[in-house]
Amino acid sequence: MTADHKVALVTGAGSGIGKHAAMALLKAGYATVLTGRRLRPLEESIKEAGATETPALAVTCDVGNANDVASLFSKIEQKFGRLDVLFNNAGTNVPPLTPDEITPEQWATVISVNLTGAFHCTREAFKMMKRQKPMGGRIINNGSISAQSPRPGSSPYTASKHAITGLTKSTSLDGRPFDIACGQIDIGNAATDMTTAMAVGVPQANGTMAVEPTMDVKHVADAVVHMAGLPLDVNIQFITVMATKMPLVGRG
């Protein structure tokens, strides 16, 4: 670790869940690296976190680009010398469409960011965590409720998130000899800019439109901080944090 702080990286940290998780990690004492496509939202996230004694670093990166990700991790190693926590959070989506309406380009974009981007970051984190002293670290993947159950018209997103579950399991297994723990947080209806439509109604599996309950995104950030803070001989393999009354369990 750095002289006084463990080091965390959050992808997709300029907005939504990533922003709040990064701010929570920073406030919890982690030297925090925030990355995303645009610099200004990352810097605004750091500013919004308020004055802390822990360092923060904003770095632009397209996680779907392997060279960008390699450059990001090189900067982290140069600045801090190690990485203790990676939160693979960056994600994108397309409008609700049936499979025949989805273009190959839309499919490729979602898979590139949500799945390939998570793999690129996992790959670089794994390399760093294996060689650093002391060895090891923790990788947390944002699986989403869509890693468990789809919404109508969501095949690219749902496929990417189901694949994240496989990546989580494989990384968890492969990380054992190197003290690299990997777990997944599946998040349902956290109140961010991405969930504003739920207040007016979103498509349901039975063909209707319905308003869905949401929860304060703070609870997601708190869960990420809790997972990050566990000793490396303890792992939360899967955790679901969701609005209690959202349609998931049972028939709605």
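A quick note: this is a predicted structure, and the numbers were derived from the prediction, not measured. (Residues numbered from 1 in each chain as written. Predicted model: local features only at pLDDT ≥ 70, side-chain atom pairs only at ≥ 80, totals over all residues. Heavy atoms only, no water.)

K.L.:
Could you clarify how one ought to interpret the overall build of the protein chain in this entry?
P.N.:
Helix and strand content of the protein chain: six helices and eleven strands. Whereas a compact globule of 252 residues would reach a radius of gyration of roughly 18 Å, the protein chain reaches 18 Å, a difference of no more than 12%. Projected onto its principal axes, the C-alpha positions of the protein chain cover 55 × 35 × 35 Å. Per element, the accessible surface of the protein chain, about 12100 Å² overall, is 54% carbon and sulfur. On the protein chain, the mean spot of the 23 positive side-chain charges and the mean spot of the 21 negative ones are 3 Å from each other. (Helix = DSSP H or I, 4+ residues; strand = E, 2+ residues; numbered from the N terminus. Rg over C-alpha atoms; globule rule 2.2 N^0.38 Å. Areas by Shrake-Rupley, 256 points an atom, 1.4 Å probe, with all protein chains shown as cover. Lys, Arg positive; Asp, Glu negative; His and termini not counted. Charge placed at Lys NZ, Arg CZ, Asp CG, Glu CD.)

K.L.:
Just checking my understanding: could you explain the side chain of Glu212 for this structure?
P.N.:
Its location among the elements puts Glu212 in the loop between strand S9 (209-210) and strand S10 (215-216). By relative accessible area, which is 5% here, Glu212 ends up buried. Engagement of the side chain of Glu212 in a polar contact is seen with the side chain of Arg151, the distance being 2.7 Å. Here Asn189 takes part through its side chain, which lies 2.9 Å from a polar atom of the side chain of Glu212. With near-sequence residues (within four places) excluded, Glu212 lies in contact with Arg151, Asn189, Met198, Val202, Gln204 and Pro247. (Buried < 20%, exposed > 50% of the residue type's maximum accessible area, 1.4 Å probe, protein only. Polar contact = N/O pair within 3.5 Å; in protein donor to acceptor, adjacent residues only side chain to side chain. Contact = heavy atoms within 4.5 Å.)

K.L.:
Is there a simple way to explain the state of the cysteines in this structure?
P.N.:
Two cysteines, two sulfur atoms, one covalent bond between them: this is a disulfide. Applying the stated rule across the entire model yields zero disulfides. Of all cysteine sulfurs in the structure, the one in Cys121 sits closest to Cys61, which takes part in no disulfide; the separation is 6.0 Å. By relative accessible area, Cys61 is classed as buried at 5%. Assessed through its relative accessible area of 0%, Cys121 is described here as buried. (Disulfide = S-S within 2.5 Å.)

K.L.:
Teacher, can you tell me more about unusual backbone geometry here?
P.N.:
Trans is the common state for peptide bonds, and a negative phi is the common state for residues other than glycine. Note that the residue after Lys133, namely Pro134, is joined by a cis bond; omega there is -5°. By the secondary structure assignment, Pro134 is in the loop between helix H4 (104-131) and strand S5 (137-142). Phi angles above zero are rare outside glycine, and Ser144 is one such case at about 75°. Tracing the chain through its elements places Ser144 in the loop between S5 and helix H5 (155-175). Given the relative accessible area of 8%, Ser144 is considered buried.

K.L.:
Explain helix H2 (residues 39-49) to me, please; I cannot follow it from the model alone.
P.N.:
In an α-helix, one full turn covers 3.6 residues, which means residues spaced three or four apart are oriented alike. Listed as buried for H2 are Pro41, Leu42, Ser45 and Ala49. Looking straight down H2, one finds that the buried residues subtend no more than 105° of arc, so they occupy a single side. Facing away from the buried surface of H2 by more than 90 degrees, the exposed residues are Arg40 and Lys47. Looking at the packing, one finds that the buried side of H2 touches helix H1 (16-27), strand S2 (31-36) and strand S3 (56-60). (Arc of directions from axis to C-beta.)

K.L.:
Can you walk me through the environment of Met209 in this structure?
P.N.:
The residue Met209 is located in strand S9 in this model. Along the backbone, Met209 and Ile17 are 192 residues apart, and their C-alpha atoms lie at a distance of 25 Å. Apart from residues lying up to four places away in sequence, Met209 is in contact with Gly201, Val202, Pro203 and Gln204.

Note that all results are geometric; they support no functional claim without further evidence.
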